[in-house]
Amino acid sequence: MSAGPDFVLRPWEMSDLPLVREASQDPYIPLITTIPARYSDAAAEAFVRRQWERAATGAGYPFAIVRSRDRRPVGSIGLWLRELPEGRASIGYWMVASGRGQGVTRAALRTVTSWALRDLGIPRLQLFIEPWNTASARIAVDVGYRREGLLRGWQRVGDERRDMAVYGLLNTDGPADGRAVTTD
């Protein structure tokens with residue numbers, strides 16, 4: 001799936017182990033994801049297999065975010081469908097340091113959001129972002145998500161429960177990112 005002229009979203013591959021290695025060295029990514037906190041080839045391969053399993057079982061759509069010019073993976077975004085029977089899905093994303101500040105995350109979030117709302121017809125998308133993470137919150141708002149509230153002690157991050165700001169976008173919200181969310 002194209003995320004603009006510079007990036008594509010594709011299923012995870014075993015060739016993405018260098019991305020898993022870089023992400024495992026980040027002080028935050030292993031705390032909020034299933035990226036191994038201590039890298040090994042076996043742990044990285046197990047991570048990639050979990051992404052395949054999630055897609056195969058219908059739990060969600062995990063994508064590697066890949067730069068078009070050199071085919072280098074720089075992050076991940078996933079659409080998670082656990083709450084789809086209730087009419088909602090969640091999106092989560094992360095970017096390694098070498099991919100930050102290039103508009104990658106914004107393009108990926110815009111792409112997955114549009115696909116989920118328009119093509120898949122999911123009524124509500126939501127993001128959970130720690131209040132201190134202003135860069136991620138700014139990206140969510142830029143794409144059209146609205147901050148809806150603070151969920152105290154919502155999620156375990158590392159060894160502690162942390163607050164999460166919830167951002168939502170409905171497929172009936174009207175224009176998002178300068179375009180209509182739904183097509184009538």
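Here the residue numbering is sequential within each chain, running from 1 through the sequence in written order. Per-residue local features are limited, in this predicted model, to residues with pLDDT of at least 70; the limit for side-chain atom pairs, both in listing and counting, is 80 or more; totals at the level of whole chains, interfaces and linings are taken over all residues. Excluded from the side-chain calculation are hydrogens and water; included are all heavy atoms of the structure.

S.K.: Which residues make up helix α5 (residues 134-143), and what are the values?
M.R.: A 1.4 Å probe rolled over the protein chains alone gives each residue an accessible area, and that area as a share of the maximum for its type sets the label: buried under 20%, exposed over 50%, partly exposed in between. Strands here are runs of E lasting at least two residues and helices are runs of H or I lasting at least four, both read from the DSSP assignment and numbered beginning at the N terminus. Every buried residue of α5 is accounted for by Ser136, Ala137, Ile139, Ala140 and Val143. One face of α5 carries all of its buried residues, which in axial projection span an arc of 160 degrees. What the arc describes is the spread of directions from the helix axis to the C-beta atoms.

S.K.: Which residues make up the sheet that holds strand β3 (residues 73-80), and what values do they have?
M.R.: Strand order in the open sheet made by the seven strands is β1-β2-β3-β4-β5-β7-β6, with mixed pairing throughout. Each end of this open sheet is capped by a strand with a single partner; those strands are β1 (7-10) and β6 (146-157). Strand-to-strand twist of the sheet, defined as the mean angle between neighbouring strand axes without regard to direction, takes the value 30 degrees. Strands pair, by our definition, only if DSSP identifies at least two bridges between them. As paired elements, β6 and strand β7 (residues 160-170) share eight bridges and run antiparallel to each other. Bridging from a neighbouring strand, Arg156 pairs with Arg161 of β7. Only heavy atoms enter the contact rule, under which two residues are in contact if any of them lie within 4.5 Å. Axis lines are fitted through C-alpha atoms, for helices just across the contact stretch, and the angle between N-to-C directions can take any value from 0 to 180 degrees. Sheet strands in contact with helix α3 (residues 41-57) are β2 (60-67) and β3, and its direction is about 130 degrees off that of β2.

S.K.: Would you mind going over the nonpolar core in detail, with residue names and values included?
M.R.: Put simply, buried Ala, Val, Leu, Ile, Met, Phe, Trp, Tyr and Cys residues joined by side-chain atoms within 4.5 Å make one nonpolar core. Formed by 47 residues in total, the largest nonpolar core has its most connected members in Ile77, Leu79, Ile91 and Tyr145. The element that contributes the greatest number of residues to this core is helix α4 (residues 104-119), accounting for eight residues. Those residues in contact with Ile77 that sit more than four places away from it in its chain are Leu9, Tyr61, Pro62, Phe63, Ile65, Ile91, Gly92, Tyr93, Ala108, Leu109 and Val112.

S.K.: So what's going on with the pairing of β2? Which residues, and what values?
M.R.: Where burial is concerned, most of β2 is hidden: seven out of the eight residues are buried. The pairing of β1 with β2 spans four bridges and is antiparallel. Its bridge partner being in β2, Phe7 is matched across the sheet by Arg67. Pairing geometry for β2 and β3, over seven bridges, is antiparallel. Residue pairing across strands places Pro62 opposite Gly78, the latter belonging to β3. Connecting the antiparallel pair β2 and β3 is a turn made up of five residues, with Arg71 showing a positive phi of about 60 degrees.

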